[in-house]
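What the coordinates show
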Amino acid sequence: MKIAIIGSTGQLGTDLVKTLQNEYQVIGFTHQDIEVTDYNSCLILKEHNPDIIINTAAFHKTDQCEEEPMKTFSVNAIGARNVAVISKEIEAIAMFISTDYIFDGSKNEPYAEDDVPNPISTYGISKIAGELYTKQNPKHYVIRVAGLFGIAGASGKGGNFIETMITKAEKNEAIRVVNDMWTSLTYTKDAASTIKKIIELKLPFGTYHATNQGYCTWFQFANEIFRLTGLNPTLTPIKTHQLQLKAKRPKFSALVSAKLPKYGIQMRKWEEALHDYLIKKGHIHTNQPGA
Ligand SMILES: NC(=O)c1ccc[n+]([C@@H]2O[C@H](COP(=O)([O-])OP(=O)(O)OC[C@H]3O[C@@H](n4cnc5c(N)ncnc54)[C@H](OP(=O)(O)O)[C@@H]3O)[C@@H](O)[C@H]2O)c1
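Residues numbered from 1 in each chain as written. Predicted model: local features only at pLDDT ≥ 70, side-chain atom pairs only at ≥ 80, totals over all residues. Heavy atoms only, no water.

Comments concerning unusual backbone geometry
Going by this rule: Helical segments are the DSSP runs of H or I of at least four residues, strand segments are the runs of E of at least two, and each set is numbered from the N terminus. The classification of residues rests on relative accessible area computed with a 1.4 Å probe and restricted to protein chains. Under 20% of the type maximum is buried, over 50% is exposed, and intermediate values are partly exposed.
A positive phi angle, close to 60°, is found at Glu91, a residue other than glycine. Residue position: Glu91 is located in the loop between helix 5 (69-89) and strand 4 (93-99). Unusually for a residue other than glycine, Lys202 sits at a positive phi of about 50°. Structurally, Lys202 is set in the loop between helix 8 (188-200) and strand 10 (206-209). Residue class for Lys202 comes out exposed when judged on its relative accessible area of 68%.

Dropping the structure here:
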């Protein structure tokens, strides 16, 4: 089986390539290889004739999305449309990576796959448009993740929430983190393994939530990072409104999968995934207290 991965050097893309390449023929496309907003650029996919096209490319700087709605829609919605059209033509499966931000956060308990989306930001609206375009190819998977962290870091440049927290702590900066916004977290290595299982088991086409189990506030996440690493910065919980962010964010956007456990697929708890990440990244050692 041949699998094309768009955004192959991104945070999730890197782990998808690593996880899938041992058993499948993987063709990675970087941003230099493909511009998803440009249909003609996407035609290169046809030349390779893959069985599955996984599209991880996104413009996901949530606040910047409010200022650049055209760019946001070009990448997240039109990009998904281009992939859907081309994959349908070559009878390939289209897989789109989506987000918890397609929900409004008013449910106050974890969202399952069948809950009704109601995005409250430009980013969220563009991603639901991307989901809908993807569904134009009947052979589709929409995989929703939340709070991604992976070894490669965002855009493959090493950065993510964990690294930001550790860097600030090492510089002895006082840290303020929101404690009124609940999210699920997703280790990209675990999301990639789940995606591999979905492909291997040929699960029915449709939408799946693929996050680590459990949820927390960003403040609680920061606390756990510092507990495990033994760092001890001044960490203060704050309210979201104090940050005066451009984009509205759901207050409670934890995800749960009502579907994957039926196929024996269960992702580990976010605390265990974080622990594994910190070891792999060299922030802690297995014999360290707290580890
Ligand atoms: N990060 C999160 O916390 C989070 C949460 C929920 C859902 N998601 C979703 O998860 C997916 C993967 O996120 P990620 O953190 O792995 O993202 P990432 O690290 O930013 O990777 C995205 C990749 O796509 C490439 N790309 C961006 N724009 C492109 C375009 N117009 N055409 C072709 N390639 C393009 C990027 O290349 P360049 O960097 O060179 O532009 C990068 O390699 C995204 O769909 C995102 O919406 C992310």
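What follows continues from the structure just given.
Digging into the site of the ligand
Here is the rule we go by: Distances are taken per atom, and a residue is near a molecule or strand as soon as one of its heavy atoms is within 4 Å of it. Pairs of N or O atoms are called polar contacts if they sit within 3.5 Å, as long as, within protein, a hydrogen donor faces a hydrogen acceptor (for residues adjacent in sequence, only side-chain-to-side-chain pairs). Accessible surface area values rest on a Shrake-Rupley calculation with a 1.4 Å probe, where residue burial reflects the displayed protein chains alone. Nonpolar residues are Ala, Val, Leu, Ile, Met, Phe, Trp, Tyr, Cys and Pro. Charged residues are Asp, Glu, Lys and Arg, and all others, Gly as well, are polar.
Every one of the 25 residues lining the ligand counts as a neighbour, but His31, Glu35, Tyr123, Lys127 and Ser155 are closest to it. Taking His31, its side chain carries an N or O atom lying 2.7 Å from an oxygen atom of the ligand. Considering the ligand on its own, with 900 Å² of exposed area, one finds that the protein chains cover 87% of that surface. Secondary structure elements with two or more residues in the shell around the ligand: helix 1 (11-20), strand 4 and helix 6 (122-134). At 3 residues, strand 4 tops the list of elements feeding residues into the shell around the ligand. Here the shell around the ligand is built from residues that sort into 12 nonpolar, 11 polar and 2 charged.

Quick notes on the pattern of salt bridges
When the charged atoms of two side chains lie near each other, side chains of opposite charge can form a pair. This is how it is decided: What makes a salt bridge here is a side-chain nitrogen of Lys or Arg within 4 Å of a carboxyl oxygen of Asp or Glu, nothing more.
Tallied over the entire structure, the rule returns 15 salt bridges. The shortest N-O distance in the salt bridge between Glu200 and Lys196 comes to 3.3 Å. Taken together, the residues span about one helical turn, with Glu200 and Lys196 both in helix 8 at a distance of 4 residues. What makes Glu200 partly exposed here is its relative accessible area of 36%.

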